Amino acid sequence: MTKSLVRPDDHVLDAFANELDQLRSETLKKVGERDARYIRNMIRIQRTSEIVGRVTMVLGFVSPALWVLGVLALALSKILDNMEVGHNVMHGQYDWMNDPNISSKTFEWDNACDSNSWKRYHNHDHHTYTNIIGKDRDFGYGLLRLSDDTRWKKKNLWQFFTYLNLSLFFQWGVAYHELAGERVFMGKRRKKASKLPITRRQLRDAFFKKGGRQIFKDYVFFPLISGPMFLPVLAGNFIANIIRNLWTSTVIFCGHFTEDIHTFKMSECENESRGQWYYRQILGSSNFTGPRWFHILTGHLSCQIEHHLFPDIPSLHYLDLTKPVQEICRKYDIPYNTGSFARQYFTVVKRIVKYSFPTKKQGLTPKAA
Amino acid sequence: MSLQQPASPDMAADSRSNLLVRASNFMAKTLFNQPSFGAFVEPFVQLAYKNWQVDGIRCKVMENRQESSHVFTLSLKPESRLPNFQAGQHVNLTLNHNGSRHIRTFSISSSPQDYARNKTIELSIRIQENGLITPWMAKHLMPGARIHMSPPAGSFVIPNSIQPLVMIAGGTGITPIRSMLRSMVQDHNQRLVTLIYFGHDHLFKDELNSIATEHPNIEIHFVDTRTQGHLDEPLINRLCPDYQIRQAMICGPHSLIKASRDLLTSKGVETSDIHFEYFGAAPIEDLPFEHGDDGSLPTVKFSQSNTLVRHQSKKSLLEVAENAGLKPLHGCRRGVCHQCVCQKESGVVYNTLTQQYSDTGPESIQLCVSVPVTPTSITL
């Protein structure tokens, strides 16, 4: 369904980049005290809901309603920790605060994926090579066929169920994927020597260390100290993790795999200018709308376009940026993909189902020139 | 650097409490992904106590006193006990300005005996003309405000002997020397001291004058740099003829330290008898940002790998590190992915992406988009 689109001339894109750069520097001037207060508030809400969640779950023996409440509070804590706090802090949005506990260098999140591996692959591969087939490994996570650029295989027939499984266990999928698990565990060799100053062994150790810690606290430590409530707490922690997994996976799929998303070839992106990079970020991302609390729960990834343009601007500013970015896009006739959450999600499902089947030869879609 | 650590009276208790701290940090990491339980509660405590930090010593500002048009003195009362310190040492203050933490180093200008008596310490601070933090401090750190401070540290202290001293100070470089003189006087120390103090706006002039009149072993000369010039051989011969047999303590701007060291070593004074501390560097004023010839490029120190190189023109710190044979973790090389974020210990760097100059103190920087403006030290 990718619409035919011709990339504007270089000098047009340069002017376009200048406007976005100016918007960026104007926004950076506003970053300060308010952002510091905001992120610390988020951290307080997240930690409070974690404590409340873990305690009320144990009180489930008084009334099952308390157990349900506890599960929801813990799920909320994990969602806030991963999205509005962790994801954004690890992008370096708050490094200017110079607070060692709110720094991209040190922050560790409540997620099976260790933060260093995540920064390496998500911040680098995904944000630099957004939607370049073969480079952005987040495009389909190596499991799903989401465009014609990937050859159809038999396994794609049931990829909708693969997708559901991926969503349920998203944190483990991400943890495995971000460290390029198939290389580390299956021994698949890279053609070229790795440029990363980190060995497979280090990657594997980080995976087991972080994953082990997460399992220990949610499925051993907290259930054990709950005594007779061992099983309900264990189950509650499991469900809280599942809720978080479903939510984060849904948000992320709505940000990159909606109907009108464009894909790119590496050859189109070599030596690209800043304008061309901005252009690709906008075409490779999609927004969705909703009330304020909803944006917070998505970690402002509901403003995926703004996030991809300015990944290190504190997320508090993304909503305010949607209007000017949209205006600039309109001015340069560049499509800006937004819609309601329900509509965007519907098109994601459509895309997954559509590419489950081989595409007819004449159906080859024209891609961005 | 010989940091003066108070000797622990009970090593066993010390290692036991160390073990407890480590166990507690391990649990904080395991259960809450935090480096310590202190870090976990820090944002909550900050609700009640603004800018509270789990590390450092919290201090209450008791007084903010104008010393001259460019210098003010802060009187601070630490809210927990300060470890033993020596006259001449310095502290790092963490200052919260517009949501971000700035760390600045200042010499203590009062003496350890002053602290023992009234539980306060004094810092005398020059307001940097185009600085961000010191003008703000002078205006906003009023009595009652709270700031966090590191324990005192530093090796610029009076050497332990009875050899006479020649002290050479320039500008606000007088602050650690004032601390030393106060400390000696309060200790009834009879050691011979000659202080030569360069400047045109001498700080603590009355106080120093009265110390000199009351204590025959202490001699003080105020040299006005506008009328009497800078340090040279005739001057030191006139003010302190036996300087060659004294230990020298020098504190002030780079130029003064260099001139004094050159003069003293050329006259046969052993380098081990010359103690000095660089002071009052104000890089934000005079950014030589147009890097000229290669000879004038700033130096870059990678502290963990013990490497000192000169910066290369039109290169980022990441490239400089790589050319020096280091392999810093890195990613996109365009300021997006934040993998190459490193701790800068000191120096001003210019961020080519944000087009902003950094702070002078310790903070995280992205190597791939940073260019050093002044000599820079990086934990790498």
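Data block above holds the structure.
Quick look at the structure, then.

So, how was this worked out
- Residues numbered from 1 in each chain as written.
- Chains lettered and ligands numbered in written order.
- Predicted model: local features only at pLDDT ≥ 70, side-chain atom pairs only at ≥ 80, totals over all residues.
- Heavy atoms only, no water.
- Helix = DSSP H or I, 4+ residues; strand = E, 2+ residues; numbered from the N terminus.
- Rg over C-alpha atoms; globule rule 2.2 N^0.38 Å.
- Buried < 20%, exposed > 50% of the residue type's maximum accessible area, 1.4 Å probe, protein only.
- Contact = heavy atoms within 4.5 Å.
- Lys, Arg positive; Asp, Glu negative; His and termini not counted.
- Charge placed at Lys NZ, Arg CZ, Asp CG, Glu CD.
- Phe/Tyr/Trp six-rings, centres within 6.5 Å; stacked < 30°, edge-to-face > 60°.
- Lys NZ or Arg CZ within 6 Å of the ring centre and 35° of its normal.
- Pairing = 2+ DSSP bridges.
- Right-handed = clockwise from strand over helix to strand, strands pointing away.
- Salt bridge = Lys/Arg side-chain N within 4 Å of Asp/Glu carboxyl O.
- Buried area = accessible area lost by both parts, 1.4 Å probe.
- Polar contact = N/O pair within 3.5 Å; in protein donor to acceptor, adjacent residues only side chain to side chain.
- Core = buried A, V, L, I, M, F, W, Y, C linked by side-chain atoms within 4.5 Å.
- Axes fitted to C-alpha atoms, helices over the stretch in contact; angles between N-to-C directions.

### Overview of the overall build of chain B
- On a plain count of helices and strands, chain B comes out with 10 helices and 19 strands.
- Taken over C-alpha atoms, the radius of gyration comes to 23 Å for chain B, in line with the 21 Å a tight globule of 380 residues would show.
- In terms of principal-axis extent, the alpha carbons of chain B reach across some 65 × 55 × 45 Å.
- In chain B, which comprises 380 residues, the share counted as buried stands at 50%.
- Counted over contacts in chain B with a minimum sequence separation of 6, partners at least 24 positions apart contribute 64%.
- When the 34 basic and 34 acidic side-chain charges of chain B are each reduced to a single mean position, those positions are 7 Å apart.

### A short note on the packing of aromatic side chains
- The full count for this structure, using the stated rule, is 28 aromatic pairs over all chains.
- Look at Trp277(A) and Tyr278(A): their rings are 5.9 Å apart centre to centre, the planes differ by 50 degrees, and that puts the pair in the tilted class. Accessibility assignment for this pair places Trp277(A) and Tyr278(A) in one class, buried.
- In this structure, Lys135(A) packs its charged tip against the face of Tyr129(A), placed 4.6 Å from the ring centre.
- The residue whose ring lies beneath Lys205(B) is Phe222(B), and the NZ or CZ to ring-centre distance is 5.1 Å.

### Section: the pairing of strand S7 (residues 165-170) of chain B
Residues and elements named next belong to chain B.
- Extensive coverage of S7 is indicated by the burial of 6 of its 6 residues.
- Residues Leu165, Met167 and Ala169 of S7 are buried on one face, and the alternating residues Val166, Ile168 and Gly170, pointing to the opposite face, are buried as well.
- Alignment of S7 against strand S8 (residues 193-199), held across 6 bridges, turns out to be parallel. Within the sheet, the bridge partner assigned to Met167 lies in S8 and is Leu195.
- Once the chain exits S7 it traverses helix H5 (residues 174-186) before rejoining the sheet at S8, and the crossover so formed is right-handed.
- In this sheet, strand S10 (residues 247-252) lies alongside S7 in parallel orientation, the contact comprising 5 bridges. Note that in S10 the partner of Met167 across the bridge is Met249.

### Some details on the pattern of salt bridges
- Per the stated rule, a full pass over the model turns up 32 salt bridges over all chains.
- A salt bridge links Arg201(A) to Asp205(A), with the shortest nitrogen-to-oxygen separation between them at 4.0 Å. Residue Arg201(A) and its partner Asp205(A) are both found in helix H8 (residues 200-225); the two are separated by 4 residues, about one turn of the helix.
- Between Glu259(A) and Lys350(A) there is a salt bridge, with the nearest N and O atoms lying 2.9 Å from each other. Linking Glu259(A) in the loop between helix H9 (230-256) and helix H10 (266-269) with Lys350(A) in helix H15 (residues 341-354), this pair joins segments that are 91 residues apart in sequence.
- Classification of Glu259(A) by relative accessible area gives buried; the value is 14%.
- Of the residues examined, Lys350(A) reaches a relative accessible area of 37% and is grouped as partly exposed.
- One salt-bridge network, held together by shared partners, links Glu63(B), Arg65(B), Glu67(B), Asp114(B), Arg117(B), Glu122(B), Arg178(B), Arg182(B) and Glu207(B).

### What to know about the interface of chain A and chain B
- The partner chain B presents 37 residues to the 48 residues of chain A that form the contact.
- Summed over both sides, the interface of chain A with chain B buries roughly 3700 Å², with 54% coming from carbon and sulfur.
- If you sort the residues of chain A by the area they bury against chain B, Arg44(A), Arg47(A) and Asn98(A) come out on top, with a joint share of 18%.
- Between chain A and chain B we count 1 salt bridge in total.
- With a closest N to O distance of 3.4 Å, Asp99(A) and Arg101(B) form a salt bridge.
- On inspection of chain A and its partner chain B, the count reaches 16 residue pairs in polar contact (both at pLDDT 80 or more).
- Where the side of chain A that touches chain B is concerned, the elements lending two or more residues are helix H1 (10-30), helix H2 (33-58), helix H4 (115-128), H8 and helix H11 (274-283) of chain A.

### Side note on the environment of Gln89(B)
- Tracing the backbone shows Gln89(B) in the loop between strand S2 (71-78) and strand S3 (90-97).
- Taking the C-alpha atoms as reference points, Gln89(B) and Ser109(B), 20 residues apart in sequence, are found 8.9 Å from one another.

### As for the nonpolar core
All names here are of chain A.
- Counting residues in each nonpolar core, the largest one holds 46 residues, and the members touching the most others are Ile39 and Phe253.
- Elements that contribute at least two residues to this core include exactly H2, helix H3 (64-90), helix H5 (159-168), helix H6 (170-178), H8, H9, helix H12 (292-297) and H15.
- Among the elements that make up this core, the one with the highest residue count is H3 (6 residues).
- Not counting chain neighbours up to four residues away, the residues in contact with Phe253 comprise Tyr141, Leu144, Tyr163, Leu166, Phe170, Thr258, Val348 and Ile352.
- By size, the runner-up hydrophobic cluster in this structure holds 27 residues, among which are Cys269, Leu283, Tyr332 and Ile334.

### A short note on the sheet that holds S3(B)
Residues and elements named next belong to chain B.
- With antiparallel pairing, the 6 strands of this open sheet are ordered in space as S4-S3-S6-S1-S2-S5. Edge positions in the sheet fall to strand S4 (100-107) and strand S5 (121-126), since each has one partner strand and no second. Strand-to-strand, the axes of this sheet are offset by a mean angle of 40 degrees, without reference to chain direction.
- With 2 bridges joining them, S3 and strand S6 (residues 146-149) adopt antiparallel strand pairing. Bridged to Thr94 within S6 is His148.

### Brief notes about the sheet that holds strand S18 (residues 370-372) of chain B
All names here are of chain B.
- Sheet architecture is open: 3 strands sit in the order S16-S15-S18, paired in antiparallel fashion. In this open sheet, the two strands that pair with only one neighbour each are strand S16 (356-357) and S18.
- Looking at chain direction, strand S15 (residues 349-351) and S16 are connected through 2 bridges and run antiparallel. Looking across to S16, one finds that Tyr350 is bridged to Tyr357.

### Let's talk about the pairing of strand S12 (residues 299-302) of chain B
All names here are of chain B.
- Covered by surrounding structure in S12 are Val300 and Phe302 only, the residues Thr299 and Lys301 on the alternate face being uncovered.
- Here S12 folds back onto strand S13 (residues 307-310), and the loop between the two strands holds 4 residues, one of which, Asn306, carries a positive phi near 55 degrees.
- Pairing between S12 and strand S19 (residues 376-378): 3 bridges, direction parallel. Following the sheet pairing, Lys301 is matched in S19 by Ser377.

### A short note on the environment of Val71(A)
Residues and elements named next belong to chain A.
- Residue placement: Val71 occurs in helix H3.
- Sequence-wise, Val71 and Asn237 are 166 residues apart; in three dimensions their C-alpha atoms are separated by 6.8 Å.
- Beyond its immediate chain neighbours, meaning those up to four positions away, Val71 contacts Met57, Gly236, Ile239, Ala240 and Ile243.

### Structural notes on the side chain of Ser285(A)
All names here are of chain A.
- Here Ser285 shows up in the loop between H11 and H12.
- Here Ser285 falls in the buried class, since its relative accessible area comes to 1%.
- Setting aside residues up to four positions removed in sequence, Ser285 forms contacts with Gly255, His256, Ile261, Gln304, Ile305, His308 and Asn337.

### Describing H11(A)
Residue and element names in this part refer to chain A.
- Counting buried residues in H11 gives 9 out of 10 residues, a clear majority hidden from the surface.
- Those residues of H11 not exposed but buried are Gly275, Gln276, Trp277, Tyr278, Tyr279, Arg280, Gln281, Ile282 and Leu283.
- Buried residues along H11 sit against H1, H4, H10, helix H13 (304-309) and helix H14 (318-331).

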